[in-house]
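Given next are the chains, with one letter for each unit.
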Amino acid sequence: MPILDELADTLQMKPDSLRAHLGISEDDASLQALGRLQKLLVEVSSPLLGRIVRQGILGLDPTAGAEAYGYDESMRLASLVYRNSKEGMLVTDARGVIIDVNPAFEALRGYSAAEAVGQHVRTLNSSRHSAEFYRAVWGRVLRGGSWQGEHWGQHSDGSVFPEWLSINTIYDDEGVAHRRVIIFSNISQIKQAEAIIWRQANFDLLTGLPNRQLFMDRLERSITRAHRNQRKLAILFLDLDRFKEINDTLGHAMGDILLKEVGKRLQGCVRSTDTVARLGGDEFTVILDDLHHFGDVGRVTEEILRKMAEPFALDSDTVFISTSIGVTYYPDDGELIDDLLNYADQAMYVAKNQGRNRYARFDPCMQEATQTRMRLLNDMHLALPAGEFSLVYQPIVDLRSARIVKAEALLRWQHPTRGLILPGDFIPLAEESGMILEIGEWVFRQAAQQIQRWRERYDPALQVSINASPMQFRADGIDLQDWLDCLAAAGTTSDGITLEITEGVLLDQGEDVLARLEAFRSAGMRIALDDFGVGYSSLSYLRKFDIDYLKIDRSFVSSLTETSNDLAVCEAIIMMAHKLGLEVIAEGIETAQQRALLADIACDLGQGYLFARPLAAEAFEDLLRTAG
């Protein structure tokens, strides 16, 4: 900071010592630091300037000896400060008429000393400030003797620049205002640095949209304005559908380009007075201000959905995405910011669960469902150590011989107050919360102990299938060596375990997922692809991954007849699987006719209520004993 170095030199101090005295760090270029320096400059110069101006020797030669003018060394010091500072300085009489200016004033304001002296200080007023502003400033000076603050300085050519301005009064021996000393510093660089810092703190660096901090500030202001004007506003919470797949497939650079294009399209769907913000990742928010009709929100959301469904050109690739939108209204749904954001988020997840590429408005029932989920999650944390989880087993039979060859281990939760909770009600929550990893470990260890007992007692070739979550195949998921050690400790081998995976595992086609699947098969475990025929059912999965079994989804079996299209679908799946060397398991067999039809088209294995419902371990063992 030039003023600090100059002042330190004038005061014959080291710059570091002066910084320490003022409490200013080496890289501190703030307005507060500048203000402290100007204050010290005034403290050094004002009393001496008072003596100088009273003696009429502002124009003295500071290099001449003190005896030349009859003044002491301290007055020469004040003159040095005044004449050599790069801070603009001028002296006026008590009425505001300019008496003298220093060279820095001439350089900063563009007026020569001859042009400025004799003019009233008001001729330097900036067009950026009102008359009321200057009345307030000089009122403060007249009452208290000083004023300090930001000001727009105006050059003689009409251009303006930000400056830090200090006005101080020199009093005569009777305490009457005699002179005013005005000091100003050009703070353009400081303001530019502050603007950069402010932008970095309030705008997303990737998209240029407001970030969470600025979004929250604008939302607070919008709510205040809506309350004052008795108007409504809407909050839209957007989440891009399947963005992770694009990021993983094309790379993060292409994902970044997509996010920037999404931001531009969103801005094109709303008014300039509305706010589009990026909260992080692939989550965006929109504030629709000053609403007259809620129908306007529907039109905006439909336009957003339409724009997001249009193709995105990412260099040489063209991709398609969609978005799920949650909508909430102020004040209809709530008046607190945290509540409104929570409601919009809940509505967005409802839209996503309803199939994506749509919007949903918040409904109080969603809040009830969220609270229920939260209570369920809290209870789930206690369920494992409390012994509330258990496994039941459903037989899988050879359709040709009717022999039980496998068992699928199915998880059950016996809640102390809610009773039996089925997996469909708590497994998704366990996956979202990450608890599925701990629960999955417990399931494996229980199944490993059980298959060892049954193999030893009834059938050494019997297998047990356990369902594996996509999360278990990620880096922090299953520890294969730990599982193999567990099997060895239980006295059984890995060929007794079949991992049932869904297409969700195969969608996450990272190298680690491929490596893990290959490692499991190399260790002797079998892999079954569950619910085949629904979802994507991409044949590329069957070529790329080593899979042992296909499980035909129960939706194709439930309405199976000799003339149904489902029979043709099942036959096509079975023929394709056999060509690829895979065995086929049909789920949901409930009638003898379904079993016969599937056997006729060469389905290998069957599972369903026709053979047995899921049974506790003891009951399943009775079934094995009877069958044996």
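The structure we're discussing is the one just above.
One structure accompanies this document, and this report is about it. Values in this document were obtained by computation on a predicted structure and should not be read as measured data. (Residues numbered from 1 in each chain as written. Predicted model: local features only at pLDDT ≥ 70, side-chain atom pairs only at ≥ 80, totals over all residues. Heavy atoms only, no water.)

Re the overall build of the protein chain
Next, step 1: Each helix and strand counted, the protein chain has 25 helices and 22 strands in total.
Next, step 2: In the protein chain, which comprises 628 residues, the proportion classed as buried is 48%.
Next, step 3: Sequence separation of at least 24 residues holds for 62% of the intrachain contacts in the protein chain that already meet a minimum separation of 6.
Next, step 4: Working note: accessible area of the protein chain is about 30,400 Å², and carbon and sulfur atoms make up 50% of it. (Helix = DSSP H or I, 4+ residues; strand = E, 2+ residues; numbered from the N terminus. Buried < 20%, exposed > 50% of the residue type's maximum accessible area, 1.4 Å probe, protein only. Contact = heavy atoms within 4.5 Å. Areas by Shrake-Rupley, 256 points an atom, 1.4 Å probe, with all protein chains shown as cover.)

As for the pairing of strand β17 (residues 497–501)
Next, step 1: Most of β17 sits inside the fold, with five of its five residues counted as buried.
Next, step 2: Side chains Ile497, Leu499 and Ile501 project from β17 onto one buried face, and the interleaved Thr498 and Glu500 project onto a second face that is buried too.
Next, step 3: Pairing geometry for strand β16 (residues 463–467) and β17, over four bridges, is parallel. Counted as the bridge partner of Asn467 is Glu500 from β17.
Next, step 4: Pairing analysis gives four bridges linking β17 to strand β18 (residues 526–532), with the strands arranged parallel. Following the sheet pairing, Thr498 is matched in β18 by Arg526. (Pairing = 2+ DSSP bridges.)

Points about unusual backbone geometry
Next, step 1: Cis peptide bonds are those with omega within 30 degrees of zero, and the linkage from Tyr330 to Pro331 qualifies with 0 degrees.
Next, step 2: Inspection of the secondary structure puts Pro331 in the loop between β11 (322–330) and α14 (337–353).
Next, step 3: The phi dihedral of Asp315 is positive, around 55 degrees, even though this residue is not glycine.
Next, step 4: For Asp315, the position within the fold is in the loop between β9 (312–314) and β10 (317–319).
Next, step 5: A residue is classified by how much of its surface remains accessible, and Asp315, at 64% relative accessible area, is exposed.
Next, step 6: Despite not being glycine, Arg356 shows a phi value in the positive range, around 70 degrees.

With respect to the packing of α14 against helix α15 (residues 364–383)
Next, step 1: Their axes nearest at 10 Å, the elements α14 and α15 cross at an angle of 90 degrees. One element, α14, and the other, α15, form an angle in the roughly perpendicular class. Across the interface between the two elements, Asn342, Tyr343, Gln346, Ala347 and Val350 from α14 touch Met366, Gln367 and Thr370 from α15. (Axes fitted to C-alpha atoms, helices over the stretch in contact; angles between N-to-C directions. Parallel < 35°, antiparallel > 145°, perpendicular 65-115°, else oblique.)

Topic: the sheet that holds strand β12 (residues 358–361)
Next, step 1: If you trace the five strands from one edge of the open sheet to the other, you get β7-β8-β6-β11-β12, paired in mixed fashion. Edge positions in the open sheet fall to β7 (275–280) and β12, since each of these has one partner strand only. Here the average twist between neighbouring strands, direction ignored, is 20 degrees.
Next, step 2: Pairing between strand β6 (residues 232–241) and β11: nine bridges, direction antiparallel. When the sheet's bridge partners are listed, Ile235 is paired in β11 with Thr328.

Points about the environment of Leu206
Next, step 1: Relative to the elements of secondary structure, Leu206 occurs in the loop between α9 (188–202) and α10 (212–229).
Next, step 2: Residue Leu206 is classed as partly exposed on the basis of its relative accessible area of 24%.
Next, step 3: Along the chain, Leu206 and Arg278 lie 72 residues apart, while their C-alpha atoms are 9.5 Å from each other.
Next, step 4: Setting aside chain neighbours within four positions, we find Leu206 in contact with Asp256, Leu259, Lys260 and Arg278.

A look at helix α8 (residues 131–144)
Since the α-helix packs 3.6 residues into each turn, any two residues three or four apart lie on the same face.
Next, step 1: With 14 residues, α8 should reach 20 Å at 1.5 Å per residue; the first-to-last C-alpha distance of 20 Å fits that figure.
Next, step 2: Burial in α8 covers these residues: Tyr134, Val137, Gly139 and Val141.
Next, step 3: Close packing links the buried residues of α8 with β3 (146–154), β4 (160–171) and β5 (177–186). (Expected span 1.5 Å × (residues − 1).)

Here we look at the packing of helix α11 (residues 243–250) against helix α12 (residues 252–268)
Next, step 1: At a closest axis distance of 6 Å, the pairing of α11 and α12 adopts a crossing angle of 140 degrees. The orientation of α11 with respect to α12, classified from their angle, is oblique. Where α11 abuts α12, its residues Phe243, Ile246, Asn247 and Leu250 lie against His252, Met254, Gly255, Leu258 and Leu259.
Next, step 2: For the contact of α11 with α12, a count of residues per class yields six nonpolar, three polar and no charged. (Nonpolar A, V, L, I, M, F, W, Y, C, P; charged D, E, K, R; others polar.)

Some words on the packing of aromatic side chains
Next, step 1: Evaluation of the coordinates by the stated rule reveals 15 aromatic pairs.
Next, step 2: Their ring planes at 90 degrees and their centres at 6.2 Å tell us that Phe133 and Trp147 sit as a pair that is edge-to-face. A residue pair is termed long-range when its members are at least 10 positions apart, and Phe133 in helix α8 and Trp147 in strand β3 qualify at 14 residues.
Next, step 3: For Trp147, a relative accessible area of 14% gives the class buried.
Next, step 4: Through a chain of ring-to-ring contacts, the aromatic side chains of Phe389, Trp413, Phe426 and Trp442 assemble into a single cluster.
Next, step 5: The ring of Phe203 carries the charged tip of Arg199 above its face, separated from the ring centre by 4.2 Å.
Next, step 6: If you follow Arg265 out to its NZ or CZ, it ends over the ring of Phe312, 3.5 Å from the centre. (Phe/Tyr/Trp six-rings, centres within 6.5 Å; stacked < 30°, edge-to-face > 60°. Lys NZ or Arg CZ within 6 Å of the ring centre and 35° of its normal.)

Let's talk about helix α23 (residues 565–579)
Next, step 1: Compared with the 21 Å implied by 1.5 Å per residue over 15 residues, the 21 Å span of α23 between its first and last C-alpha is a close match.
Next, step 2: Of all the residues in α23, the buried ones are Asp566, Leu567, Cys570, Ile573, Ile574 and Ala577. Each buried residue of α23 lies within a common arc of 125 degrees when the element is viewed along its axis, so the set occupies one face. Summarising the geometry of α23, the exposed residues directed more than 90 degrees from the buried face are Asn565, Met575 and Lys579.
Next, step 3: Against β18, β19 (549–552), α22 (554–557), β20 (583–586) and α24 (592–600) lie the buried residues of α23.
Next, step 4: Directly beyond the C-terminal end of α23, a positive phi value near 80 degrees is found at Gly581. (Arc of directions from axis to C-beta.)

As for the sheet that holds strand β1 (residues 88–93)
Hydrogen bonding along the main chain pairs the strands of a sheet, whether they run parallel or antiparallel.
Next, step 1: Spatial strand order, β2-β1-β5-β4-β3: five strands in an open sheet with antiparallel pairing. Strands at the two margins of the open sheet, each flanked by one partner only, are β2 (98–101) and β3. Taken over all neighbouring pairs, the strand axes of this sheet differ in orientation by 25 degrees on average, direction set aside.
Next, step 2: Here β1 pairs with β2 via three bridges, running antiparallel. Bridging across to β2, Leu90 finds its partner in Val101.
Next, step 3: This element, α8, spans β3, β4 and β5 of the sheet and lies at about 150 degrees to β3.

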